[in-house]
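Below are the chains, spelled out letter by letter.
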Amino acid sequence: MRRHFFLVGAIVILGLMVVAGGWKLTLGKSEGPGGPGGGGAMAAQKSGGGGGRSGGMGGPAQVNVVGAQNKTFVDAIDVIGVAKGRQSVTLTAATTQLVDKVRFSDGQSVPKGAVLVELKATEQSAGIAQAQARLMQAQRDYDRWKQLATQGYASKTALDQREATYLAAKADVDAARAREGDRMIRAPFAGVVGLSDIAPGALVNPGAAIVTLDDISSVRVDFEVPDRYLASIREGQPITARIDAYPGQVIQGRIQKLDTRIDERTRAITARAEFPNPDRKLKPGMMLRVAIAQGQRQVVAAPEAAVSVQGDSAFVFVVTGQGEQARTEQRPVLTGVRQDGFVEIRDGLRAGEQIVADGLNKIQPGQPIRIMASQKGAEPGARAARPDA
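Here we summarise the structure given alongside this text. (Residues numbered from 1 in each chain as written. Predicted model: local features only at pLDDT ≥ 70, side-chain atom pairs only at ≥ 80, totals over all residues. Heavy atoms only, no water.)

Overview of the pattern of salt bridges
Part 1 of the argument: The tally for this structure, following the rule as stated, stands at 15 salt bridges.
Part 2 of the argument: The partner of D100 in a salt bridge is K120, with the nearest N and O atoms 3.8 Å apart. A residue pair is termed long-range when its members are at least 10 positions apart, and D100 in strand β3 (residues 97–102) and K120 in the loop between β5 (115–119) and α3 (122–151) qualify at 20 residues.
Part 3 of the argument: Here R331 and E329 are joined by a salt bridge, their closest N and O atoms 3.6 Å apart.
Part 4 of the argument: The class for R331 is buried, based on a relative accessible area of 16%. (Salt bridge = Lys/Arg side-chain N within 4 Å of Asp/Glu carboxyl O. Helix = DSSP H or I, 4+ residues; strand = E, 2+ residues; numbered from the N terminus. Buried < 20%, exposed > 50% of the residue type's maximum accessible area, 1.4 Å probe, protein only.)

Quick word on the nonpolar core
Part 1 of the argument: Within the largest apolar cluster, 23 residues are counted, with the highest numbers of intra-cluster contacts made by F223, I239, F275, L288 and V290.
Part 2 of the argument: When residues of this core are traced back to their parent elements, those giving at least two are β2 (69–92), β9 (209–226), β10 (238–242), β11 (250–263), β12 (268–276) and β13 (287–303).
Part 3 of the argument: Those residues within four positions of V290 in sequence are excluded, and the remaining contacts are I77, D78, V79, V221, F223, I239, T240 and A241.
Part 4 of the argument: Counting residues in hydrophobic clusters, the runner-up holds 18 residues, among them L91, V117, I210 and L213. (Core = buried A, V, L, I, M, F, W, Y, C linked by side-chain atoms within 4.5 Å. Contact = heavy atoms within 4.5 Å.)

Brief notes about the pairing of β3
Part 1 of the argument: Judged from the 2 bridges that link them, β3 and strand β8 (residues 203–204) form a sheet pairing that is antiparallel. Residue pairing for β8: L98 is matched across the bridge by L203. (Pairing = 2+ DSSP bridges.)

What to know about the pairing of β2
Part 1 of the argument: Where β2 lies against β13, 14 bridges are found, and the strand directions are antiparallel. In the strand pairing of β13, I80 is matched with R289.
Part 2 of the argument: Where β2 lies against β9, 10 bridges are found, and the strand directions are antiparallel. Paired with T92 across the strands is A209, a residue of β9.

Take a look at the structure:
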C-alpha cells in the first residue's frame, strides 16, 4: 500500500507542475507586444536607436579655410655643413715646464702676438746671461786681433779663428733667447680664446692643449655636393644658410673654393663657403643648413596643416557649396617638395579653391561645415629643397 500511495502522490505533483507551466505560458502570450511590459520596452528600444543615429550625425563642423594660390618656389640644393673659424688653432707648449703666469681670461679677444701664458724661464734667463758674457769676451778678442792684423802683427789665420769664435758666441745668444721665447705662449693671430683650466703652477707637457684660439670675424663651412650638380655650382656663387639655433634667420655667404677632386666613395665634391660673422653668433662646430639656389618656378601651394598624408597617398578637404550648403570633399592630390611650412601641389588642386586649413582628423567627407575664418594663402618666395640632394 505504501508503495502505491507514493506512486500516486508523485503523479499528482507532476500533474500540478504541468498545469502551472501551461498557465504561465498562456499569461505571457496575452501580455506580449500589446501588454503592459513588452510593448513599452520595444518602443523604448526603437526610440533609443533613432536617437543614437541623430546624435552621431551632430551639427555642422566648425572649420577654418585657406585658399590655394600660385606661389614662387626657389629650387635649391640643400646640404649640411659644419662651421669653422676663419683661423683656428689649439695652443700647446714646446717643452715640459711649470706655468708661471696666465695673461688671458676665458672668451677674451686678443691681438696677434699677445702673450697668453708664461712658463717658468729661470734656467733659460741664466743661459742667456752666460751666452751674452761669452759673446762679449769673444767680441773683445776679435776686435783686438783685428787691430793687430791691420798693423801687421797678427796672421790672417789667427784673425779668422777669433772671428769664428765671435760668431759662434753670437749664435749661442740667439739660441738662448729662442729657448726663453719657447716659454712664452703667444697668439699667432688675432682672435678669441676659448675656455681653459690652466693656472699658475700647473705642469704642461709638449703637445698638451693649453687653450684654443679662433678668428670668428667670419666662418668657413665645408660641405659636400653630389657630382651631378657640379655644373650648378661655381666659385664666388652666392648661397644662403639657416641655423637651428636661430630659427627664421637666414645668413648670406659665398662659395670661396671648390676642391680639385671628387670623392670616389661618395661621388661628391667638397665646397668651402665663407659667411660674415660680425656679431659672433656663429660658433665653430655649429651645424648649418646650406642652400644653393638653382632657379624659380610658379606652383600651386597649400599649408602643410591642410594636407593629410596616409601611407603613400595625400589628400585635402575641398570646400564645396556656400552658407548652409557648405560641405567637404575629400580629394586626393599629388604633392611635391615641402619648404617653409608649405607643400607643392602638382596635381589635384587648382589655385583659388578653398580647402580646410587644419583639424583634418575631425572632418568626414561630405560633412556639413560652418566656416569660422578664412586665412590667406602661402606667402610668395618659398624655397623648395630638392629631396634627393
